[in-house]
Amino acid sequence: TISTIEIIFLTSSSLVKNSNNTIIGIPTKKITHEPPYGILDKNMRGKHTGCEELKKKGDILRPKLHIFGHIDEAFGIKKNNKTTYVNASQLNYKY
């Protein structure tokens with residue numbers, strides 16, 4: 001099968017909504033800077049800080065793998081139905 005990778009390196013939620021116009025096929029892997037809302041996105045104060053539009057899009061497209069960073073203190077791996085989420089952050093708030 002052909003695997004499509006979608007790379008989004010944006011911080012504007014409105015741009016994420018429109019990024020679907022640029023992909024060919026349904027992505028099976030996604031790489032973004034920030035996490036989707038509610039998934040490995042809690043900051044050091046315990047607040048969810050991920051992108052709501054990425055969450056909505058992920059719920060529709062359900063890629064097999066979504067790799068992101070940005071929220072350093074929430075690094076780790078989480079599996080949810082069809083998608084494996086990886087927060088690949090390497091730093092912490094002391095950096």
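Residues numbered from 1 in each chain as written. Predicted model: local features only at pLDDT ≥ 70, side-chain atom pairs only at ≥ 80, totals over all residues. Heavy atoms only, no water.

(A) Spotlight on the pattern of salt bridges. Enumeration over the complete set of coordinates arrives at two salt bridges. Its salt-bridge partner being Lys55, residue Asp59 comes within 2.9 Å of it at the nearest N-O pair. Of this pair, Asp59 and Lys55 both sit in helix α2 (residues 52-61), four residues apart, which is roughly one turn of the helix. On the accessibility criterion, Asp59 (44% relative accessible area) is partly exposed. (Salt bridge = Lys/Arg side-chain N within 4 Å of Asp/Glu carboxyl O. Helix = DSSP H or I, 4+ residues; strand = E, 2+ residues; numbered from the N terminus. Buried < 20%, exposed > 50% of the residue type's maximum accessible area, 1.4 Å probe, protein only.)

(B) Spatial organisation of the pairing of strand β2 (residues 29-32). Residues Lys30 and Thr32 line the buried face of β2, whereas the alternating positions Lys29 and Ile31 sit on a face that is not buried. Of the pairings in the sheet, the one linking β2 to strand β3 (residues 65-68) comprises three bridges and is parallel in character. Along β3, the bridge assignment pairs Ile31 with Ile67. On the question of chirality, the crossover connecting β2 to the parallel β3 by way of α2 is right-handed. (Pairing = 2+ DSSP bridges. Right-handed = clockwise from strand over helix to strand, strands pointing away.)

(C) The arrangement of unusual backbone geometry in detail. One non-glycine residue, Leu40, lies in positive phi territory at about 50°. For Leu40, a relative accessible area of 19% puts it in the buried group. One non-glycine residue with positive phi stands out, namely Asn81, at about 55°. Position of Asn81 relative to the elements: it lies in the loop between β4 (76-80) and β5 (83-87). Overall, the relative accessible area of 82% leaves Asn81 in the exposed class.

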